[in-house]
Amino acid sequence: MTESTQVTLLRRKTRPHGPDVAENPLTSSRAVRLALTKAANDTVGLVITVQGVAEEVASLDDMLESFGDELMLIGLENEDQLTGLIAVNMEMRAAVLEMETIGALLAQTAEVRAPTRTDKTLCDPLIDAFLTAFPFSVVGTPLEEWLDGCRPAAQVESTRAAGLVLSEGDYRIVRMTVDLGVAERQGELVIALPLLQEDGPIETAPPPIVDWQADFRGVVEDAPAALNAQLHRFHISLATAQSLEVGSVLPLTGCTVNSVLLLAPDGQQVAQAKLGQAGGYRAVRLEAAPAPQLADLATQANEPASPLIDPILSPEIAKLPDANDAVSNAMAPLAEETVPFAMPEEMPDLDAQSLEAELP
């Protein structure tokens with residue numbers, strides 16, 4: 001169980017209950033007076049009267065400017081991090097020193113001097129007791145939970161050094177003016193800690209408006225797509241394919257730069273394109289498919305029709321029934337190849353803004 005958890009449990013047990021609570025409410029000023037008076041009496045036997053408790057809220061710079069040079073600054077840590085300061089003036093330090101050494105207060109004001117490590121060591125019991133009693137004394141006041149978990153740390157040399165470590169923000173400053181009861185001597189103890197931020201209502205953001213159709217369309221349009229550019233496709237015999245070598249030339253009859261077809265991976269035709277180049281690379285530009293053209297057959301009326309059987313085949317095959325089927329069976333082993341053709345030295349340039357695909 002952590003220290004803050006213990007403080008919370010003890011605070012709940014010591015919180016006043018019953019109908020008489022509202023008739024005599026405990027103020028933060030009265031609670032701080034009781035805590036400091038009890039701590040001074042229990043540790044060094046110093047009987048004091050807390051004349052006033054003042055509270056204010058200031059920024060970090062304004063808070064540091066309000067600390068005098070004669071104050072002894074002691075850091076306040078919370079979760080191993082310096083979060084605030086507790087300051088003790090010269091009269092308060094001198095009163096603790098006199099009670100620890102001679103057991104009584106001198107009837108004269110203390111001489112102003114810079115704080116030392118001895119002053120801090122002698123004041124540590126008083127400060128520890130005050131910080132321990134403070135959370136239980138302020139139950140039900142605006143200062144509740146403000147000092148929880150804080151403990152004294154090392155002495156801070158100056159306000160400038162404190163400004164380099166403390167976080168920016170608003171600080172609550174509690175100043176306690178103490179009457180020592182001798183020679184009009186007055187002590188002062190100041191606590192400065194960040195102002196607790198009250199948790200406001202949690203605002204739930206409205207659910208985002210989702211356009212399912214637009215999102216689905218965006219996902220589909222961003223999906224990768226592959227297209228194959230096919231310039232020409234034709235059939236050759238197996239013997240011709242086996243005789244191909246470097247330097248062989250295959251005529252592409254009826255093929256032009258406008259004969260490019262864009263095919264999907266499943267072989268379905270997607271668009272018609274024109275072959276060219278863009279940026280030094282081979283490219284294609286989508287174009288409308290050319291309109292079909294009709295042409296007369298270049299045959300004479302008295303010219304016999306071409307035989308369906310290749311003349312190089314045996315005459316016996318022609319005499320067999322269903323000669324056309326026999327020819328088809330004889331040509332079955334022929335391979336089906338797509339052979340790249342020799343690119344011309346200069347290709348037409350295409351407008352880069354209209355390119356829709358590139359050759360692999």
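Presented here is a report on the structure given in the accompanying data block. Because the structure is a prediction, the values reported are computed rather than measured. (Residues numbered from 1 in each chain as written. Predicted model: local features only at pLDDT ≥ 70, side-chain atom pairs only at ≥ 80, totals over all residues. Heavy atoms only, no water.)

The subject of this paragraph is the pattern of salt bridges. Inspection of the entire model under this criterion finds twelve salt bridges. In this structure, the salt-bridge partner of arginine 151 is aspartate 80, at a minimum N-O distance of 2.7 Å. Of this pair, arginine 151 sits in strand β4 (residues 151–156) while aspartate 80 sits in the loop between β2 (72–77) and β3 (82–88), and the two are 71 residues apart along the sequence. Its salt-bridge partner being arginine 185, residue glutamate 98 comes within 3.1 Å of it at the nearest N-O pair. Of this pair, glutamate 98 sits in helix α4 (residues 90–101) while arginine 185 sits in the loop between β5 (170–179) and β6 (186–194), placing them 87 residues apart in sequence. Each member of the pair, glutamate 98 together with arginine 185, is buried. (Salt bridge = Lys/Arg side-chain N within 4 Å of Asp/Glu carboxyl O. Helix = DSSP H or I, 4+ residues; strand = E, 2+ residues; numbered from the N terminus. Buried < 20%, exposed > 50% of the residue type's maximum accessible area, 1.4 Å probe, protein only.)

This paragraph deals with the sheet that holds β4. Neighbouring strands of a sheet are bound in pairs by backbone hydrogen bonds; such pairs are parallel or else antiparallel. Taken together, the six strands give an open sheet; going across it, the order is β1-β5-β6-β3-β2-β4, and neighbouring strands pair in antiparallel fashion. Edge positions in the sheet fall to β1 (49–59) and β4, since each of these pairs with one other strand and no more. This sheet shows a mean twist of 25° between the axes of neighbouring strands, independent of strand direction. In terms of strand pairing, β2 meets β3 through six bridges, oriented antiparallel. Paired with isoleucine 74 across the bridge in β3 is isoleucine 86. Docked against the sheet, helix α2 (residues 28–44) engages β1, β5 and β6, running at close to 120° with respect to β1. (Pairing = 2+ DSSP bridges. Axes fitted to C-alpha atoms, helices over the stretch in contact; angles between N-to-C directions. Contact = heavy atoms within 4.5 Å.)

Let us now look at the pairing of strand β9 (residues 269–278). Pairing of strand β8 (residues 260–263) with β9 involves four bridges; the strand directions are antiparallel. Bridge pairing links leucine 261 to glutamine 272 in β9. Bridging between β9 and strand β10 (residues 281–287) involves seven bridges; their strand directions are antiparallel. Each residue of the ladder has a partner; that of glycine 276, found in β10, is alanine 283.

A positive phi angle is found at glutamate 145, which is not glycine, with a value near 70°. A residue is classified by how much of its surface remains accessible, and glutamate 145, at 48% relative accessible area, is partly exposed. Phi angles above zero are rare outside glycine, and glutamate 184 is one such case at about 55°. When its relative accessible area of 79% is taken as the criterion, glutamate 184 is described as exposed.

The next subject is the packing of aromatic side chains. Per the stated rule, a full pass over the model turns up three aromatic pairs. When the centroid spacing of 5.7 Å and the interplanar angle of 70° are considered together, the rings of phenylalanine 130 and phenylalanine 134 count as edge-to-face. Linking phenylalanine 130 with phenylalanine 134, this pair stays in helix α5 (residues 117–137), spanning four residues, or about one helical turn. Exposure remark for phenylalanine 130: the relative accessible area of 1% places this residue in the buried category. Look at phenylalanine 134 and you get buried, because its relative accessible area is 1%. Among the aromatic residues, ring-to-ring pairing joins Phe130, Phe134 and Trp146 into one connected group. The side chain of arginine 172 reaches across the aromatic face of tryptophan 146, ending 6.0 Å from its centre. (Phe/Tyr/Trp six-rings, centres within 6.5 Å; stacked < 30°, edge-to-face > 60°. Lys NZ or Arg CZ within 6 Å of the ring centre and 35° of its normal.)

All right, on to the pairing of β5 then. Of all ten residues that make up β5, seven are buried, and the element is covered over most of its length. Sheet topology places β1 next to β5; ten bridges connect them, and they run antiparallel. Bridge pairing in β5 links glycine 52 to threonine 177. Relative to β6, β5 runs antiparallel, the two being bridged by nine bridges.

A cluster of nonpolar side chains, Trp212, Phe216 and Val220, forms an exposed patch at the surface whose accessible area comes to about 360 Å². Relative to the elements of secondary structure, tryptophan 212 occurs in helix α7 (residues 212–221). (Patch = residues over 30% accessible without salt bridge, like charges linked within 9 Å, V, L, I, M, F, W, Y side chains within 5 Å. Areas by Shrake-Rupley, 256 points an atom, 1.4 Å probe, with all protein chains shown as cover.)

Now for the nonpolar core. Grouped together as the largest cluster of nonpolar side chains are 39 residues, with contacts concentrated most on Leu46, Phe130, Met176 and Ile191. Mapped by element, the contributors of at least two residues to this core are α2, β1, β2, β3, α4, α5, β5 and β6. The element contributing the most residues to this core is α2, with seven residues. Contacts of isoleucine 191, omitting those with residues within four sequence positions, involve Leu76, Leu85, Ile86, Phe130, Trp146, Leu147, Arg172, Ile173, Val174 and Met176. The next biggest cluster of nonpolar side chains, apart from the first, holds 16 residues, and it includes Leu64, Phe67, Ala162 and Ile173. (Core = buried A, V, L, I, M, F, W, Y, C linked by side-chain atoms within 4.5 Å.)

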